[in-house]
Protein chains: 4
Amino acid sequence: MKVGILGATGYTGQELLRILGNHPEAEIVYLGSSSSAGKDISEIYPHLVNRQMVLEDESVPDLDVLFMALPHGLASAKAGELLNRGIKIIDLGADFRLQDAAVYQEWYKTEPADQKILQKAVYGLPELYRNDLYGQNLIANPGCYPTAALLALVPLVRADLLLTDSIIIDAKSGVSGAGRGVNLSVHYSEVNENIKAYGVGQHRHTPEIEQQLSKAASREIMVNFTPHLVPMTRGILATIYAQVKPGIGEEVLREMWREAYETEPFIHVLPEGVWPQTKYAYGSNHVFLQLKLDKRTRRVILVSALDNLVKGASGQAVQNMNILFDLPETVGLELNGLWP
Amino acid sequence: MKVGILGATGYTGQELLRILGNHPEAEIVYLGSSSSAGKDISEIYPHLVNRQMVLEDESVPDLDVLFMALPHGLASAKAGELLNRGIKIIDLGADFRLQDAAVYQEWYKTEPADQKILQKAVYGLPELYRNDLYGQNLIANPGCYPTAALLALVPLVRADLLLTDSIIIDAKSGVSGAGRGVNLSVHYSEVNENIKAYGVGQHRHTPEIEQQLSKAASREIMVNFTPHLVPMTRGILATIYAQVKPGIGEEVLREMWREAYETEPFIHVLPEGVWPQTKYAYGSNHVFLQLKLDKRTRRVILVSALDNLVKGASGQAVQNMNILFDLPETVGLELNGLWP
Amino acid sequence: MKVGILGATGYTGQELLRILGNHPEAEIVYLGSSSSAGKDISEIYPHLVNRQMVLEDESVPDLDVLFMALPHGLASAKAGELLNRGIKIIDLGADFRLQDAAVYQEWYKTEPADQKILQKAVYGLPELYRNDLYGQNLIANPGCYPTAALLALVPLVRADLLLTDSIIIDAKSGVSGAGRGVNLSVHYSEVNENIKAYGVGQHRHTPEIEQQLSKAASREIMVNFTPHLVPMTRGILATIYAQVKPGIGEEVLREMWREAYETEPFIHVLPEGVWPQTKYAYGSNHVFLQLKLDKRTRRVILVSALDNLVKGASGQAVQNMNILFDLPETVGLELNGLWP
Amino acid sequence: MKVGILGATGYTGQELLRILGNHPEAEIVYLGSSSSAGKDISEIYPHLVNRQMVLEDESVPDLDVLFMALPHGLASAKAGELLNRGIKIIDLGADFRLQDAAVYQEWYKTEPADQKILQKAVYGLPELYRNDLYGQNLIANPGCYPTAALLALVPLVRADLLLTDSIIIDAKSGVSGAGRGVNLSVHYSEVNENIKAYGVGQHRHTPEIEQQLSKAASREIMVNFTPHLVPMTRGILATIYAQVKPGIGEEVLREMWREAYETEPFIHVLPEGVWPQTKYAYGSNHVFLQLKLDKRTRRVILVSALDNLVKGASGQAVQNMNILFDLPETVGLELNGLWP
């Protein structure tokens with residue numbers, strides 16, 4: 001399987017390299033970078049000292065599959081030509097995640113992807129939409145926050161157990177989610193020993209979450225989603241609140257999760273009373289879930305934890321690749337997280 | 001003013017020392033410690049090398065005011081005798097925070113304080129209950145989370161702007177809130193690069209928040225309160241969600257805060273669009289507030305940030321002391337937070 | 001290959017589990033723990049939720065190889081019987097690292113291992129002593145600091161390029177090196193935003209370093225070694241100073257490293273001017289080296305970086321296992337470090 | 001006392017604001033900034049929300065004293081005119097620290113200050129050169145690393161107790177020492193969980209240290225100085241190695257420190273066996289010292305700890321101001337460090 005990465009020098013690009021370096025079926029034959037063509041990847045990332053490989057420009061050679069890890073707006077411009085050449089695409093950006101072009105334009109303030117290409121895109125969250133993914137050519141790899149939120153919510157929304165106008169997602173992310181670009185909001189001295197909310201009421205992952213929840217509920221759902229920046233490098237914790245329908249008890253909610261995930265290799269409903277910690281997933285593709293129904297308020301609190309660069313980005317992308325090429329989903333993704 | 005601290009070697013005890021060391025009217029004449037009597041405080045805290053003072057046992061000498069920074073259940077046993085001796089008490093623990101002894105027993109699983117003493121206790125959150133504090137002898141210094149939650153919520157609840165069954169408080173705290181005791185949950189290697197929720201649905205600050213909100217609303221209010229442990233030493237950020245009553249716009253909410261706090265030296269409603277960061281309050285008694293009304297869901301998001309050891313504990317205790325002794329509230333508390 | 005781990009619940013024990021879980025030839029059949037027998041490993045480490053396996057007591061079954069990750073003094077008591085049963089031992093503790101029992105007793109204040117067993121032990125630093133390791137039955141896996149120091153120093157000492165009474169090792173370690181035990185010196189609030197030296201002049205890795213340097217020089221060498229505790233979880237950086245012999249230039253020193261390590265898969269002399277960072281090795285078995293000769297003082301500064309739990313402990317142990325069983329040394333250890 | 005700050009928006013500039021805000025004699029009447037003139041300081045630093053003051057351009061009004069916190073090369077261009085106007089200058093930059101203009105040019109690759117002005121500059125390390133400072137008009141405030149190194153070394157070098165060609169300074173600094181400018185080397189995700197050496201053999205504080213040591217020894221001294229970047233915001237720890245002259249014991253060394261510092265309010269020789277931690281000095285002007293003589297190697301290990309932004313910059317600058325204006329040195333600097 002000939003694999004390429006476009007945008008190889010960003011955090012998700014190099015994380016793909018790390019993961020695929022442990023994948024027995026994938027041969028990386030192309031690393032593309034607009035800014036660093038001609039350099040060796042190990043010049044930019046010395047931890048890859050033993051993985052010497054020269055970065056090329058953005059002219060993509062023939063490949064079986066290309067991972068695109070680009071700022072939004074760039075993948076949609078290139079995808080048509082690549083698909084025509086028979087290259088499968090797994091896009092880690094946002095260009096193909098929103099089916100409604102108008103919603104895309106409203107939240108991203110950029111030209112949406114061409115409608116014909118957009119229609120070919122499939123939202124690549126395997127545990128929720130596996131059957132839609134087989135044989136596809138263009139995968140929209142989900143955002144990190146939506147992955148954390150949807151894995152917790154969708155089984156319960158599909159089963160119609162929640163009051164769907166009551167959903168609140170309070171999410172906490174490590175700094176690597178902001179990418180490698182430099183600015184004051186990722187300056188160590190300003191982030192360390194500090195926590196803040198950001199993008200309150202206007203984060204772009206909001207419509208992505210709402211699109212999938214609405215699909216699961218078969219009616220329009222709006223949520224409140226508030227991301228926070230936490231002084232750590234990796235990890236997302238989503239704490240989710242929703243009103244439970246009358247008569248539904250905690251065990252029913254838990255059972256719905258069990259049904260959805262009992263055979264899933266990466267999704268783990270923890271034993272009762274054990275709450276997810278982002279570090280459980282550090283460097284791995286695993287997701288950890290727990291819930292509790294507060295009987296006093298009839299609100300359920302759902303918590304999910306994952307590594308934003310793995311299940312929230314590059315690991316999930318490799319999982320999607322495995323599906324596209326009929327490999328077991330866990331190939332290259334077997335490792336447990338790093339502890340401590 | 002002769003001042004003593006009982007429980008001087010805990011984090012809030014020694015923080016009182018730091019703050020009172022900069023207070024022109026307070027003379028610290030007694031440091032009590034059950035575990036370290038006979039040692040010099042600088043043996044336990046070498047950063048206090050220039051503040052040599054021997055720790056005594058728990059026999060409290062005659063004082064104008066005693067700060068009690070003890071595990072819950074201990075202050076209530078000692079308070080009666082001390083009050084009889086004419087010593088004013090500012091208790092940083094939980095023993096006198098809940099007016100309803102049954103509620104205390106339910107959440108703390110300990111014998112509540114004697115009802116006669118409990119009735120003398122006043123909840124010491126000056127910006128909300130200043131007039132109740134003058135001339136008092138027993139102050140229940142609020143919990144760190146309740147301080148963060150109540151300063152954001154009470155002005156809006158008093159003005160009846162929120163649907164009171166819709167309140168959710170998602171709070172994030174630094175590790176120092178857990179105290180100096182050693183156990184795996186404060187082990188550096190287990191906390192660093194990690195975030196988790198804890199005490200979900202059962203944290204003891206829940207009834208404290210509910211008691212004060214219920215008082216503000218003149219009816220019983222129940223909330224969801226979820227604390228999280230963040231890899232940082234100091235700071236609390238509370239992100240609060242509530243449904244707004246029909247017809248109420250963002251400006252009305254903001255105006256209510258402004259009215260409540262415009263002359264307050266420690267409470268700051270930030271300019272629109274500037275969101276609180278816990279580090280703004282690092283080492284200071286200041287609190288930072290911001291809000292946004294999501295018009296789509298009619299939910300307001302309130303955020304407050306403070307230092308859990310200062311406004312969340314020892315700084316607020318000194319502010320209360322200033323009130324009890326008719327000093328300007330800012331005496332000894334003028335400093336800005338440390339940045340970066 | 002049937003593998004067991006005694007002391008499976010410590011940090012190096014569970015790190016062995018993580019690494020061996022990715023090893024195609026190793027089958028873990030025994031996890032021993034004095035404190036947690038009967039529990040499932042995933043109760044203690046929920047990140048291992050998909051690796052359910054019950055911890056047993058310290059009765060070791062028949063195995064091909066046993067990793068011992070025990071507090072010092074315990075392995076030496078058990079080793080004789082296990083060796084007699086034909087079980088190869090890789091000991092991650094200190095019991096067999098010092099050949100001179102009197103030196104052991106002086107620094108560890110404990111009874112040394114039985115001399116007959118001690119003589120069978122081989123110091124398992126493959127890049128320096130590979131040929132001594134083939135066919136052995138008892139490997140003393142090196143300490144984390146000695147690994148960092150010796151890999152930098154030994155090639156230069158063997159070639160007699162340094163004034164051997166001039167060696168100073170200033171090392172910086174993450175907190176996981178202190179293990180999982182709880183005490184104030186690993187309390188998050190006391191370690192975060194803080195750095196200190198510890199064990200100045202008396203750290204037990206000093207004689208271990210000296211023993212190997214003396215062997216390399218064929219005369220007795222004494223060094224100054226000062227470890228520091230850094231607010232991070234993993235990683236060791238050793239900054240080493242030594243006077244260079246007259247006439248020796250920087251290129252000669254660098255050349256000696258190249259000769260020693262050019263075919264080594266885990267040891268990387270970085271391009272000139274690129275200085276090692278501990279994070280380059282995060283979660284991997286790789287070691288990064290750089291040096292500079294200060295012409296003004298004729299002192300060379302050597303820097304090495306590694307992950308204390310991998311090349312400094314469990315990764316090196318697996319590398320040693322690979323050698324004992326005639327496998328390529330990189331099996332199970334191919335992964336690059338985690339970035340960022 | 002009318003005080004101004006030029007370069008008020010850098011980390012040392014705003015730290016001056018924090019400290020001077022607690023100084024009873026200083027009235028801040030001017031904040032100058034080339035980049036942010038016209039803005040309010042609280043727009044840039046919201047934690048100063050209660051300290052509203054508009055930033056002006058670089059036209060300095062009449063003042064008693066001006067703190068200059070500028071990139072190197074800028075202060076020397078402005079100093080002459082300001083001195084002529086009778087404004088005392090305390091320069092926090094490097095322009096006046098090196099008496100030898102050629103050495104300045106070699107290490108800073110910039111035009112040195114005018115020789116006539118340079119001759120007026122006095123090196124402002126009060127505990128070592130207090131008598132030189134009274135009545136002066138131009139103070140070169142020392143670098144952060146030199147302050148840490150010189151306070152440990154100078155008393156011993158003056159007393160001729162060390163072999164002066166044997167001095168090695170291995171220093172560890174928090175990230176705030178790099179300033180507020182954004183680049184990859186201060187990106188949170190690249191600094192967190194990481195430590196590295198930098199500027200090996202070529203850091204500009206080397207000649208500053210050597211100049212003062214040479215002065216203390218009355219002969220030329222060269223040292224090795226290696227700085228490291230530690231994942232923390234504030235603090236410098238210097239670990240210093242030197243060969244001790246024959247016959248000199250540990251007690252003599254310690255006694256020399258005691259003599260030098262026993263009446264100093266900010267310099268603390270810790271009790272034997274208690275080693276400095278940078279956090280002891282967090283946010284304060286205090287310095288902590290400890291030493292140990294290794295009898296085996298006859299090398300003494302000296303450790304000093306301070307806050308790089310306080311005693312290493314703005315606190316020391318205020319201490320110097322106090323001296324220039326005949327105030328007690330501790331005015332405005334009484335606070336202990338923040339713990340935890």
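Conventions used here
Residues numbered from 1 in each chain as written. Chains lettered and ligands numbered in written order. Predicted model: local features only at pLDDT ≥ 70, side-chain atom pairs only at ≥ 80, totals over all residues. Heavy atoms only, no water. Least-squares fit on C-alpha atoms with pLDDT ≥ 70 in both. Pairing = 2+ DSSP bridges. Helix = DSSP H or I, 4+ residues; strand = E, 2+ residues; numbered from the N terminus. Contact = heavy atoms within 4.5 Å. Axes fitted to C-alpha atoms, helices over the stretch in contact; angles between N-to-C directions. Buried area = accessible area lost by both parts, 1.4 Å probe. Polar contact = N/O pair within 3.5 Å; in protein donor to acceptor, adjacent residues only side chain to side chain. Nonpolar A, V, L, I, M, F, W, Y, C, P; charged D, E, K, R; others polar. Salt bridge = Lys/Arg side-chain N within 4 Å of Asp/Glu carboxyl O. Buried < 20%, exposed > 50% of the residue type's maximum accessible area, 1.4 Å probe, protein only.

A separate point is the relation of the copies chain C and chain A. Overlaying chain C on chain A yields an RMSD of 0.0 Å, the required transformation being a rotation through 180 degrees with an accompanying axial translation of 0.0 Å. Such a combination of rotation and displacement between the chain copies is what one expects of a two-fold axis. Distance from the rotation axis, computed per C-alpha, reaches its smallest value in chain C at glutamate 193 of chain C: 4.2 Å.

Right, let's get into the sheet that holds strand S2 (residues 27-32) of chain B. Residue and element names in this part refer to chain B. Judged by pairing direction, the sheet is parallel, and its six strands sit side by side in the order S2-S1-S3-S4-S6-S5 without closing on themselves. This sheet does not close on itself; its edge strands, each paired only once, are S2 and strand S5 (122-123). Sitting on the sheet, helix H1 (residues 11-20) is in contact with strand S1 (2-6), S2 and strand S3 (65-68), with an inclination near 155 degrees to S1.

With 33 residues of chain C in contact, the opposing surface of chain A contributes 33 residues. For the pair chain C and chain A, the summed buried area comes to about 3000 Å², and 62% of that belongs to carbon and sulfur atoms. Taken together, the connections running from chain C to chain A amount to 14 residue pairs in polar contact (both at pLDDT 80 or more). Among the elements that take part in the side of chain C that touches chain A, helix H1 (residues 11-20) of chain C stands out by supplying four residues, more than any other. Here the residues of the side of chain C that touches chain A sort into 15 nonpolar, 12 polar and six charged.

On to the pattern of salt bridges, then. Residue and element names in this part refer to chain D. Scanning the entire structure with this criterion turns up 85 salt bridges over all chains. A salt bridge links arginine 219 to aspartate 160; the nearest nitrogen and oxygen atoms lie 3.7 Å apart. On the criterion of sequence distance, the pair formed by arginine 219 in the loop between helix H9 (205-217) and strand S9 (224-229) and aspartate 160 in the loop between helix H7 (144-158) and strand S7 (168-173) is long-range, its members being 59 residues apart. Classification of arginine 219 as partly exposed rests on a relative accessible area of 36%. Among the ionic contacts, a cluster of salt bridges with common partners joins Glu250, Glu251, Arg254, Glu255, Arg258 and Glu272.

Taken together, the buried positions of helix H3 (residues 75-84) of chain C are occupied by Ala75, Ser76, Ala79, Gly80, Leu82 and Leu83 of chain C. Just downstream of H3 of chain C, glycine 86 of chain C is the residue with a positive phi angle, here 85 degrees.

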